[in-house]
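Here is what each chain is made of, one letter per residue.
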Amino acid sequence: MSARDLQNSNDMTLGQRFWQLNWILILLICALASIGFAMLYSAGNGSYTPWAERQMVRFAVGMSLMLAIALTDIRVWLRYAYLFYAISLILLIAVEFAGTVGMGAQRWIGLKFFHLQPSELMKIALVLSLARYFHRLSLEDVTRPTQLLFPILLVAAPTALVLRQPDLGTSLLLLIGSAAMFFLAGVRIWKFILIGLIGLASIPVGWSMLHNYQKNRIMTFLSPESDPLGSGYHILQSKIALGSGGVFGNGFLQGTQSHLRFLPEMQTDVIFTMYAEEFGLVGGFFLIALYAAIVIYGFAIAMRSRSHFGRLVAMGVITTFFLYVFMNIAMVMGLIPVVGVPLPLISYGGTAMMTVLIGFGLLMNVYIHRDMRISRYGDDHRS
Amino acid sequence: MQPEKLRVKSFGRRAAVLVGGKLALVGVLCGRLYYLQVLESQRYQMLADDNRINLRLLAPPRGHIVDRNGSPLAVNVQNYRVVLVPEQALDVRETLDRLNTVIEIHEYDRRRVLREARRRRAFVPITVRENLSWQEVSRIEVNAPDLPGISIDVGQSRHYPDGQIAAHVMGYVAAVSEKDLTGDPLLELPGFRIGKNGIERQHDLALRGTAGNSQVEVNAIGRVIRELERSEGRPGKRIVLTMDLRLQRFITERVADYRRAATVVLDVRNGEILAMVSAPSFDPNAFNEGLNSKAWKELIENPDTPLNNKVISGQYAPGSTFKLAVMMAAAEAGISPDHRVFCSGFTELGHQRFHCWNKHGHGLVNMVDGMRESCDVYFYELALKLGVDRIAATARKLGLGSKLDLDIPGERSGMIPTRAWKRENLGKSWLKGETLIAAIGQGYVLTTPLQLAIMTARAVNGGYAVLPRLTRETIDAGDETPTASSFPHTGISKRARELVMHALDEAVNHPRGTAYRSRIQEPGKAFGGKTGTAQVRRITMVERESGVKKNREKPWRERDHSLFVGYAPVDNPVFAVSVVIEHGGGGSKTAAPIARDILRETQRLQLPQQLADAERKK
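The rules we used
Within any chain, residue numbers begin from 1 and follow the written order of that chain's sequence. Whichever chain is written first becomes A and whichever ligand is written first becomes 1, with later ones labelled in order. It should be noted that, the model being predicted, local features are given only for residues of pLDDT at least 70 and side-chain atom pairs only at 80 or more, the latter also being counted only at that level, while totals for whole chains, interfaces and linings use all residues. Hydrogen atoms and water are omitted, and side-chain values are computed over all heavy atoms in the structure. Helix and strand definitions follow DSSP, with helices as H or I runs of at least four residues and strands as E runs of at least two, each counted in order from the N terminus. Residue exposure (1.4 Å probe, protein chains only): buried if accessible area is under 20% of the type maximum, exposed if over 50%, otherwise partly exposed. Throughout, a contact is declared for two residues whenever any of their heavy atoms are within 4.5 Å. Using a 1.4 Å probe, the Shrake-Rupley method yields the accessible areas, and only the shown protein chains count as cover for residues. Here a strand pair is declared whenever DSSP counts at least two bridges between the two strands. Like charges are joined within 9 Å and nonpolar side chains (Val, Leu, Ile, Met, Phe, Trp, Tyr) within 5 Å, but only among residues with over 30% relative accessible area and no salt bridge; these make up the patches. Whenever a carboxyl oxygen of Asp or Glu lies within 4 Å of a side-chain nitrogen of Lys or Arg, that contact is scored as a salt bridge. To pair, rings of Phe, Tyr and Trp, with the six-membered ring standing in for Trp, must have centres within 6.5 Å; the planes then decide the type, stacked if under 30 degrees apart, edge-to-face if over 60, and tilted in the middle. Here, a charge over a ring means that NZ of Lys or CZ of Arg falls within 6 Å of the ring centre while also lying within 35 degrees of the ring normal. Lines fitted to the C-alpha atoms define the axes, with helices restricted to the stretch that makes contact. Angles between their N-to-C directions range from 0 to 180 degrees. Side-chain atoms within 4.5 Å are what join buried Ala, Val, Leu, Ile, Met, Phe, Trp, Tyr and Cys residues into a set we call a nonpolar core. In this tally Asp and Glu are treated as negative and Lys and Arg as positive; neither His nor the chain ends contributes. Every charge is mapped to an atom, namely NZ of Lys, CZ of Arg, CG of Asp or CD of Glu. Buried area counts how much accessible surface, traced with a 1.4 Å probe, disappears from two parts once they are put together, with both parts' losses summed. For this analysis, a polar contact is any N or O atom pair within 3.5 Å, provided that within protein one partner can donate a hydrogen and the other can accept it, and provided that sequence-adjacent residues contribute only side-chain to side-chain pairs. Each residue is assigned to one class: nonpolar for Ala, Val, Leu, Ile, Met, Phe, Trp, Tyr, Cys and Pro, charged for Asp, Glu, Lys and Arg, and polar for all the others, Gly among them.

Next up on the list: the overall build of chain A. Within chain A, the regular secondary structure consists of 18 helices and five strands. Counting across all 383 residues of chain A, residues that qualify as buried make up 56%. Taking all contacts inside chain A whose residues are at least 6 apart in sequence as the whole, residues at least 24 apart take part in 74%. Put simply, chain A shows about 16,000 Å² of open surface, and 69% of that area lies on carbon and sulfur atoms.

The subject of this paragraph is unusual backbone geometry. All names here are of chain B. Cis rather than trans, the peptide bond between Ala-279 and Pro-280 has omega equal to 0°. Among the secondary structure elements, Pro-280 is positioned in the loop between β12 (273-279) and α10 (284-289). With a phi angle near 55°, Asp-405 is a residue other than glycine that sits in the positive phi range. Summarising the element assignment, Asp-405 is placed in the loop between α16 (388-397) and α17 (419-426). By relative accessible area, Asp-405 is classed as exposed at 62%.

Further remarks concern the pairing of strand β11 (residues 261-267) of chain B. All names here are of chain B. Here β11 lies mainly inside the structure; seven of its seven residues are buried. Judged by which residues are buried, β11 turns out to be covered on both faces: Ala-261, Thr-263, Val-265 and Asp-267 on one side and Ala-262, Val-264 and Leu-266 on the other are all buried. In the sheet, β11 pairs with β12 via six bridges, with the strands oriented antiparallel. Bridging across to β12, Ala-262 finds its partner in Ser-278. Here β11 hands over to β12 after five residues, with Gly-271 in that stretch at a positive phi of 80°.

All names here are of chain B. Of note, Asn-551 is situated in the loop between α21 (541-545) and β18 (561-568). Measuring from C-alpha to C-alpha, the distance between Asn-551 and Gly-585 comes to 5.7 Å, with 34 residues separating the pair along the chain. If sequence neighbours within four positions are ignored, Asn-551 has contacts with Arg-559, Asp-560, Gly-585 and Gly-586.

The subject of this paragraph is a nonpolar patch on the surface. Residue and element names in this part refer to chain A. On the surface, a cluster of nonpolar side chains totalling about 590 Å² of accessible area is made up of Ile-189, Ile-193, Leu-197, Leu-200, Ile-203 and Trp-207. Elements with a minimum of two residues in the nonpolar patch: α11 (189-201) and α12 (203-209). Per-element accounting of the nonpolar patch gives the leading share, four residues, to α11.

This part is about the packing of aromatic side chains. Overall, the coordinates contain 27 aromatic pairs over all chains when judged by the stated rule. Look at Phe287(B) and Trp296(B): their rings are 6.0 Å apart centre to centre, the planes differ by 85°, and that puts the pair in the edge-to-face class. These aromatic residues form a ring-pair network of at least three members: Tyr41(A), Tyr48(A), Phe252(A), Phe272(A), Tyr275(A) and Phe279(A). In this structure, Arg58(A) is placed above the aromatic ring of Tyr348(A), and the distance from its NZ or CZ to the ring centre is 4.7 Å. Between Arg311(A) and the ring centre of Phe11(B), over which it is positioned, the NZ or CZ distance is 5.6 Å.

Attention now goes to the sheet that holds strand β1 (residues 53-58) of chain B. Residues and elements named next belong to chain B. Taken together, the three strands give an open sheet; going across it, the order is β1-β8-β9, and neighbouring strands pair in antiparallel fashion. The open sheet is flanked by β1 and β9 (224-231), the only strands paired with a single partner. When strand polarity is set aside, the average angle formed by the axes of neighbouring strands in this sheet is 30°. One ladder, built from six bridges, connects strand β8 (residues 212-218) with β9; its direction is antiparallel. Bridge assignment links Val-218 to a residue of β9, and that residue is Val-224.

Turning to the side chain of Arg7(B), a few remarks are in order. Here Arg7(B) lies in helix α1 (residues 2-39). In contact with Arg7(B), not counting residues within four places along its chain, are Phe134(A), His135(A), Arg136(A), Leu137(A), Ser138(A), Leu139(A) and His308(A).

Moving on to the sheet that holds strand β17 (residues 528-534) of chain B. Two pairing modes exist for strands in a sheet, parallel and antiparallel, and in both the strands are linked by backbone hydrogen bonds. Residue and element names in this part refer to chain B. The strand order β12-β11-β19-β18-β17 describes an open sheet built from five strands, whose pairing is antiparallel. With partners counted over all chains shown, the strands left at the sheet margins are β12 and β17, one partner each. If you compare each strand with its neighbour and ignore which way they point, the axes differ by 5° on average. Examined bridge by bridge, β11 and strand β19 (residues 575-581) share seven bridges and lie antiparallel to one another. Each residue of the ladder has a partner; that of Asp-267, found in β19, is Phe-575. Sitting on the sheet, helix α9 (residues 245-254) touches β11 and β12, and the angle it makes with β12 is about 30°. On the sheet, helix α19 (residues 449-460) packs against β11, β12, β18 and β19 and is oriented at approximately 150° with respect to β19.

Residues Ile29(A), Phe134(A), Phe272(A), Met315(A) and Phe360(A) are the most contacted members of the largest nonpolar core, which totals 123 residues. Among the elements that line this core, the one with the most residues is helix α17 (residues 308-332) of chain A, at 18 residues. Residues in contact with Phe134(A), not counting those within four places in the same chain, are Val142(A), Leu148(A), Pro151(A), Met181(A), Phe182(A), Ala185(A), His308(A), Leu312(A) and Arg7(B). In this structure, Tyr160(B), Leu324(B), Val326(B) and Ala383(B) belong to the second largest nonpolar core, which totals 98 residues.

It is worth spelling out a positive patch on the surface at this point. Residue and element names in this part refer to chain B. Taken together, the side chains of Arg-93, Arg-115, Arg-118 and Arg-119 define a basic patch exposed on the protein surface. Take the positive patch: its biggest share by element is three residues, from helix α4 (residues 107-119). Considering the arrangement of structural elements, one finds Arg-118 in helix α4. Classification of Arg-118 by relative accessible area gives exposed; the value is 62%.

What follows concerns the interface of chain B and chain A. Between chain B and chain A, the contact holds 39 residues from the first and 55 residues from the second. Of the roughly 4,100 Å² buried between chain B and chain A on both sides combined, carbon and sulfur atoms contribute 73%. Sorting the residues of chain B by area buried against chain A places Arg7(B), Phe11(B) and Arg14(B) first, and these three jointly supply 20% of that buried surface. At the junction of chain B with chain A, the criterion picks out zero salt bridges. Here chain B and chain A share 11 residue pairs in polar contact (both at pLDDT 80 or more) between them. Of all the secondary structure elements, the ones that give two or more residues to the side of chain B that touches chain A are α1, α2 (41-52) and β8 of chain B. Broken down by element, the residue count for the side of chain B that touches chain A peaks at 26 residues, all from α1(B). Here the side of chain B that touches chain A is composed, by residue class, of 24 nonpolar, seven polar and eight charged.

The values are spatial; any link to function lies outside them.
Shown next, in the form of structure tokens:
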């Protein structure tokens, strides 16, 4: 049996799927995660505790989960997309009542071993269910506004719930990621423009609905120097730390601003600043290049997939991933307001790492099943 | 398959647009990174250093002050402080309670520590008590294991080994007050002391030295992580005074029996002050340790004004010591020393009677007799011949009536009245009777003890207008003390000076002289001088009728001030002295013996050295 035959087969054995795993992608992921470990080691002032060690354990768990997801048949994901979504939505509603608020705004449910953030699960669930929905529609169907009502509802419900938490960053992530899915599905450009205009017009209303701290964040973003010791502190200190890194950085474990704790909570959202302070412009470019490589790789996987579901999932995952990266780095460099978004694979934190690795699991899943054709209604279809 | 192909094409196009957009955003990130880390790097590097580097000032040790022989007058001693670091103490209250069983802690100290512990960051040490005795230090060290967060810290504090002996010259140091701030960051150091009076204030900048600094890296909450750079400051300069501590001590003990006294000894050839004693005195060490308000109030409200340096800021009627200036003016005006006046005990001017101190009268006296016996009537006659303005002109040449630029603060100018002065300031014309009163050093005439000593010095040093000084600045560069001839000449003729000196000699060494009983009989050490008795209040007609009371019979406050100015040795003047004993009675009775003892001691201590110096110069 030749390899070609294998690829054409919809029914691959587990072993066959395993050999189809995308090792370059795994290598890229491991490279990023290793940088993350190094930075957490540095953030702990040259110690594996309290962060680096635990992050490694999480990564190992996440990697197993990722491989499991990658090796599962893609039709399973298509079939249970809505169920997955429904569970996520129920959890999201549950945290409204029973969740714990900690560290800013994100709500979680305390399970025995880890904190579950339903909003993170929802990111994946939304990509899957939108992909499933649009997989069924022809390009013509997409042009009908009535066909868009359901997916809009799919997006609106969790976005509204997350915004209520209130977690501006995640809701923006959900919204922009979904918009990308709509765009890829073929929704006309003018509809986006129309929605955009309506959105613009409703800014004053939205502004009044924002929480005070959210307003402050936007105001400090607009002029951080006006209040260097107050809310502008984070942005300014972050820029100072970045700028003082220079071209080659201060060296590993030598970042003065981060180690002297001018950067608060450096192990989480502002870890890029610390990285760039220690490794400079060269290191910064290298890291951004790694992320860009993964994005391009994801794009290639999407283009290579023969099923629309696969294409949409791949692009959706990669877009969400990119949004994480962009929002985080742009935030610490003072390009956008401070929104609590971690740097994927590097920031300390379990849930975000799980989300990203689950996403990559799906991406690899799409790659493994790249030649599988799936009918509109989810049954397999041999070519 | 057509629609499926369309869908794939549309998806491909749109995915490419999306990825293109993402790469563009990646470009933006890279551009921003380049902007921050390359273009703006220097600015942020500077801000980063601002963030993390703190400049800490290191207080330089304050310069010592020594007397002319190198004996210490002001030094720095180790000051043991007990400090508490709240973050190391498990419970501040409990630690203080335990410390209280080891050394005594006042309630207000305790409250202050608790207040500061709340306000400051937990790693900032708080001083619990200062100036611990060696015993207290040992007790704390022994109990150290039970006192977490408590440690002993060594600082420097100013100490005056002789305390009260030279307090007025030395001044004192005290905490910097709001109005002392000049922008020198040193002044803002906690616990920094600044010279508040006397030499300490005058030479504060030189004594202070230059601050060193240490650059330390601090973290975001200000904790010191490490020292990056340290530059030691320059310690303050050593100041050498002209004073002789031994003489200062001798005089202090000699006048100890009197409630208020002021005396100064200086070198007539260069104005160097050998001793300056103002009684009562105060303890300058008390200011350094921090005076409580009760002690401060006692000092301020004491009627004997212990903080006041009476030698330079006490203004006294000079009494008969002023006759030195009047006689000099008369000799300068060409009045013959043989001019005789008959003293019957008083002079009449219009309807007013001006009495001589000797109510029986001195009989026929010439100028030297009049000076020797301090005949007031003779000087009334001289005053009428001279007029007040000519007396004033000579008095000014002798250094009276204006400040003498002494190098410590607080000098007063005294008062030498003239016709013009009275017209301008009191709006009245001068009365002849006032000239008579002025001639015997009463009325408007006021002088400081320092001015009296300078007057004497200028009369006997060859007529040079020496000015007083307390510091020998150039001691390190060899003996460059000025000689009399480096001062301008007063312009007073040799004939006049020699006549006055002859009279001053007789006033002490002639059997009829007012200070004859106080003369020094040791060969070569005899002194000349003039007594003075300044009335504190006018003697009324009624009192004079019933017989003037003896000073002893009067209440202390109404007794006369006792004065003496003198110089020694009489035939080769080197030292001048002035003595003022407030309410001490007659000049010949109280001040003259003190002056004698001072001049004898001064010559014993200083003369061999002075003569040797003079010999070497030749």
